[in-house]
Amino acid sequence: MAKFQAPKGTRDYYPAEMAWRRYLEGAWQRVSIRNGFEEVEGPIFEPLDLYKVKSGEGIVSELFHFTDRGERELAIRPEFTPTLARMVAEKANALSKPIKWFSMPNLCRAERPQRGRLREFLQWNVDLLGTDSPVADAECIYTAVDLLRELGLTPRHVKVKISHRDVVRRILMRFGVAEDKIQDAFELLDRRDKIPAEEFNEQAGKLGLDQSTLERFNQVARMRVGSQAAWDDIAEQFAIPQEDLEDLAALHEQLKAFGIAEWCEYDMGIVRGLAYYTGSVFEVHEVSGAERAIAGGGRYDKLIEMFGGPSTPAVGFGMGDVVLTLVLADKGLLPDDVTPAADVFVLVADDSARCKMNGIVGALRAAGLHTRFSYKTTTNVGKLLKEAGQCRARFAVILDAKTDQQNTVSVKNLQTGEQSETGIGELVPVLKG
Ligand code: HAM
């Protein structure tokens, strides 16, 4: 007999996993809405070319793609940003600005499955379009922090590492990288931790970074800056004009104004692999650097135009479920059991009352109460209460010898142990009260 397994790098969601997924999606949704974002969704596959325009080599080499019966080349979405840019370009004039959208798509990338990396995962996307104000970059970062805080994380656990492609570009050009090699330099820097040092140095050499300038760049990249004063130091130490750092200084002011400066640090080593970023770039990391990025994003001011829309500045980020869940587990912040707990467990303690059970269960459910009962035919109350406990029910409704004749039941509060008798007609108000 054929035996099948879920494809490599995908997940089956049994009830506990599904409940966690819904819990996380609930938090993503709640935080998005309170920060003023509206939910959108798109198709799970798109024309293959959509990703070739500007996602960059990394993502294109990881596409799951296929040809349909009409010979159209399609790809399963590896990220949501191109879909969002296509949607905005299509309706740009009808949409009031700023556009603040969030989505929670499942995405597929043909990566080598490893800790923190799967072939199908969920990704919360938060994007703000139609303004180039650094307030927008800061509001996106604030929304990411709001979510992290919602799940119990603190600046002791995670940090938002921020950089700016224009700032890094200017520094790299000062250090000798030609303008037309900047994109290659970004992609190389993004892969720095994934390739051997020798290969990195060799590639950097080809881009115009010799050993001594590379060393200087590494020094800049390694700086973890937390304040404006430190920016001034960098400018002085590396002879970088102040104005080259202005964009980051402006963002820093906004982050401070949002009250989240302690969650943020600046790290010129962050350039991000995706080709469409044009300004600020940021990633959320576990502080010890133990895991891959929890989230990543940045400003992409040219993408909407590239998809045929009007010039529309944009900034946003994606946060995957996989690394976030690993970090929460590591820090002991995963809640015990997030499957829905029952409100009521109806149990039959005397066979004469069994004929009433379905009717009572139905009436409670019709009143909106999450109601369970046992499929066991036993009238052993101890055993049945154990089953009620397994559903984490708050109340047990016990049908006994008097139920059939006198229309009464006992209600037991399973948290306090208190028990009282009540008429069936009074049951809903008693349980809801
Ligand atoms: P990204 O850096 O490719 O950015 O992905 C963002 C996050 O998605 C990562 O930090 C990680 O948490 C998660 N992620 C990515 N690949 C995988 C994988 N194979 N398995 C599990 N999790 C993964 C983007 O996708 C951009 N489109 C985000 C964006 C939105 N930029 C602007 N708006």
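Here, the structure is the one placed above.
In short, a report on the structure. Since the structure is predicted, the reported quantities are computational estimates derived from the model, not experimental observations.

Below, the discussion takes up a nonpolar patch on the surface. Together, I44, F45 and F66 give the surface a local cluster of nonpolar side chains, amounting to about 270 Å² of exposed area. Along the polypeptide, F66 turns up in strand β3 (residues 65-67). Under the relative-accessibility criterion, F66 is labelled partly exposed at 34%.

Within strand β12 (residues 314-320), 7 of the 7 residues are buried, leaving the element largely enclosed by the surrounding structure. Here β12 shows a buried face lined by A314, G316, G318 and G320 and a second buried face lined by V315, F317 and M319. The sheet contact formed by strand β7 (residues 120-129) and β12 spans 7 bridges and is antiparallel. Across the sheet, residue N125 finds its bridge partner in β12, namely G318. Pairing of strand β11 (residues 295-299) with β12, which is carried by 5 bridges, proceeds in the antiparallel orientation. Bridge pairing links G297 to F317 in β12.

A word on the sheet that holds strand β15 (residues 395-399). Read from one edge to the other, the open sheet built from 5 strands follows the order β14-β13-β15-β16-β17, with strand pairing classed as mixed. Every interior strand has two partners, whereas the edge strands, β14 (371-373) and β17 (419-423), have only one. For this sheet, the mean inter-axis angle between neighbouring strands, taken without regard to orientation, is 30°. Looking at chain direction, strand β13 (residues 344-348) and β15 are connected through 5 bridges and run parallel. Within the sheet, the bridge partner assigned to L347 lies in β15 and is I398.

This part covers unusual backbone geometry. Along the chain, K97 connects to P98 via a cis peptide bond; the corresponding omega equals -5°. In this structure, P98 sits in the loop between α4 (81-91) and β5 (99-103). Here the phi dihedral of E71 falls at roughly 65°; this positive angle occurs in a residue that is not glycine. Counting through the fold element by element, E71 comes out in the loop between β3 and β4 (73-76). When its relative accessible area of 65% is taken as the criterion, E71 is described as exposed. Positive phi is not limited to glycine here, since R392 has a value of about 55°.

Scanning the entire structure with this criterion turns up 30 salt bridges. With its nearest N and O atoms 2.9 Å apart, the salt bridge here joins R392 to D337. One end of the pair, R392, is in the loop between α15 (381-390) and β15; the other, D337, is in the loop between α13 (321-330) and β13, and 55 residues separate them in sequence. Under the relative-accessibility criterion, D337 is labelled partly exposed at 39%. Of the charged contacts in the structure, one is a salt bridge between R354 and D351, with a shortest N-O distance of 2.9 Å. Each of D166, R169, R170, E179 and D247 takes part in a single network of salt bridges with overlapping partners.

This part takes up the site of the ligand. Surveying the vicinity of the ligand reveals 26 residues, the closest of which are E79, T81, E111, D127 and Y277. Note that an oxygen atom of the ligand is positioned 3.3 Å from one of the backbone N or O atoms of G320. The protein chains hide 96% of the 660 Å² of surface that the ligand would expose on its own. Every element with two or more residues in the shell around the ligand is listed here: β7, β11 and β12. Per-class residue counts for the shell around the ligand are 11 nonpolar, 9 polar and 6 charged.

Looking at where T422 falls in the secondary structure, it is placed in strand β17. When sequence neighbours within four positions are dropped, the list of residues in contact with T422 reads N407, T408, V409, V411, L427 and V430.

In this section: the sheet that holds strand β2 (residues 45-47). The antiparallel open sheet is built from 3 strands, whose spatial order is β2-β4-β3. Looking at which strands have only one partner, the edges of the open sheet turn out to be β2 and β3. Averaged over neighbouring strand pairs, the angle between their axes works out to 35° when direction is ignored. Sheet analysis places β3 next to β4, joined by 3 bridges and oriented antiparallel. Across the sheet, F66 pairs through a bridge with L74, a residue of β4.

As a further point, take the nonpolar core. Ranked by internal contacts, the top residues of the largest apolar core, which has 68 residues, are W124, I162, L172, M319 and L324. At 9 residues, the largest contribution of residues to this core is made by helix α5 (residues 134-150). In this structure M319 touches W28, L122, Q123, W124, A144, L147, L148, I294, A295 and L324, once residues within four positions along its chain are discounted. With 26 residues, the next largest nonpolar core counts L48, L274, Y300 and F307 among its residues.

How each quantity is defined
- Residues numbered from 1 in each chain as written.
- Predicted model: local features only at pLDDT ≥ 70, side-chain atom pairs only at ≥ 80, totals over all residues.
- Heavy atoms only, no water.
- Patch = residues over 30% accessible without salt bridge, like charges linked within 9 Å, V, L, I, M, F, W, Y side chains within 5 Å.
- Areas by Shrake-Rupley, 256 points an atom, 1.4 Å probe, with all protein chains shown as cover.
- Salt bridge = Lys/Arg side-chain N within 4 Å of Asp/Glu carboxyl O.
- Helix = DSSP H or I, 4+ residues; strand = E, 2+ residues; numbered from the N terminus.
- Buried < 20%, exposed > 50% of the residue type's maximum accessible area, 1.4 Å probe, protein only.
- Pairing = 2+ DSSP bridges.
- Axes fitted to C-alpha atoms, helices over the stretch in contact; angles between N-to-C directions.
- Near = heavy atom within 4 Å.
- Polar contact = N/O pair within 3.5 Å; in protein donor to acceptor, adjacent residues only side chain to side chain.
- Nonpolar A, V, L, I, M, F, W, Y, C, P; charged D, E, K, R; others polar.
- Contact = heavy atoms within 4.5 Å.
- Core = buried A, V, L, I, M, F, W, Y, C linked by side-chain atoms within 4.5 Å.

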